[in-house]
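Per-entry structural report
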Amino acid sequence: MPAQMLDGETYTGCMRELSIARLLAFSGGALASTGWPAKNLHTDPDKAAEAGLPAPIASGVQCEGDIIRLMTELFGNAWFEHGKLHVKYPRPVFAGMSVRACARVRAREVRREGSLIELDVWCETPDMAVVVVGSASCIKYEVEDSR
Amino acid sequence: MALTTKFAHELEPGDEYAPLEFVVTKDMNQQFLFAQEDFDPRYLSSKEDSVALVHPSILLQMAANTKSPSFKLAAGSGSILSEAETTFAKPVAIGTKLTVRWRVTTAYEKRGRRYYVMVAEMEDANGGLVLQRTLHLTFPGREAK
């Protein structure tokens, strides 16, 4: 976790493959449920094909989870109480594609309890196609809450 | 306000979906940790006196309109999330009973398609707000006229 976050600084997560196994775990319902995995656009090639898709499509929320991971790495436990995230999903992510979360500090406002950090956030593929885009903000405490 | 029994494409501002009550178990949390490839210690019970937290992506997933018992799609239509705005208010420990409520606040047209703005609020058993998520949804295939 960075001690300070300055205007213009960029942070990136690891590039991770959205394997079909990960899509099944996220969108297939509870593992112990009868008939797992649930068949839908995110888990089943036939359902995806019926909708004209070349492969199961990752839930945009699953990619959003990559941004949240980056935010918890940057802000620690403060994210759970003060985190805000606003995103759109401009392009689809299909099973087998890789994405990584990125964030750039846009503004920083010093407050009594710490600094309010505003960031541009996005998820990108290895060829730099943006698949999730938006903004985030959170309080950055001067001393990390160790809870 | 009565809970709606409408198809998704028939929703109007003011409509509310039936709430969902759920508890995130340790197994469910671990399933999502795999899905997110995020095995941070805060989500794992590593000490007897520590409480593992629910991964936030589960909360986002459970705040989806499709999770309400009222959610109903007409044949030949789909539900697409185009935009989401989330405010986190409280960390959630595994085993906490949570309730999600949804209401349609506005509807608008964009590029010939009708969109519905739905606010999901998730609370714990004490009525404490855990998160608020504003969803911009469209239901292609059977749009309202």
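Just so it is clear, the model here is predicted, and its values are computed rather than measured. (Residues numbered from 1 in each chain as written. Chains lettered and ligands numbered in written order. Predicted model: local features only at pLDDT ≥ 70, side-chain atom pairs only at ≥ 80, totals over all residues.)

All names here are of chain A. Assignment of secondary structure puts serine 19 in the loop between strand E2 (16-17) and helix H1 (20-27). A C-alpha to C-alpha distance of 18 Å links serine 19 and alanine 129, two positions 110 residues apart in sequence. Contact partners of serine 19, with chain neighbours within four places excluded, come to Ala95 and Gly96. (Helix = DSSP H or I, 4+ residues; strand = E, 2+ residues; numbered from the N terminus. Contact = placed C-beta atoms within 7 Å.)

The next point concerns helix H1 (residues 26-36) of chain B. Quick reminder: α-helices carry 3.6 residues per turn. Residues three or four places apart thus point the same way. Among all positions in H1 of chain B, only Met28, Asn29, Gln31, Phe32, Ala35 and Gln36 of chain B are buried. Each buried residue of H1 of chain B sits inside an arc of 155 degrees when the element is viewed along its axis, so together they form one side. Where the residues of H1 of chain B are buried, they touch H1 and helix H3 (60-75) of chain A together with helix H2 (56-62) of chain B. Once H1 of chain B finishes, glutamate 37 of chain B follows within two positions and takes phi at roughly 50 degrees, a positive value. (Buried ≥ 20, exposed ≤ 12 C-beta atoms within 10 Å, placed from the backbone. Arc of directions from axis to C-beta.)

Our focus in this paragraph is the interface of chain A and chain B. Tallying the contact residues gives 26 residues for chain A and 25 residues for chain B. The greatest single-element share of the side of chain A that touches chain B, amounting to eight residues, is contributed by H3 of chain A. Its residues placed into classes, the side of chain A that touches chain B shows 12 nonpolar, seven polar and seven charged. With five bridges joining them, strand E3 (residues 84-88) of chain A and strand E2 (residues 80-88) of chain B adopt antiparallel strand pairing. Residue pairing across strands places lysine 84 of chain A opposite threonine 87 of chain B, the latter belonging to E2 of chain B. (Nonpolar A, V, L, I, M, F, W, Y, C, P; charged D, E, K, R; others polar. Pairing = 2+ DSSP bridges.)

Bringing the domain arrangement of chain A into the picture now. All names here are of chain A. By domain assignment, chain A separates into domain 1 (1-17 + 58-147) and domain 2 (19-57). Each of domain 1 and domain 2 has a C-alpha centre, and the two are 26 Å apart. If you look at the interface, domain 1 gives nine residues, while domain 2 gives 10 residues. Tallied by class, the residues present in the side of domain 1 that touches domain 2 amount to five nonpolar, three polar and one charged. (Domains from an automatic or database assignment.)

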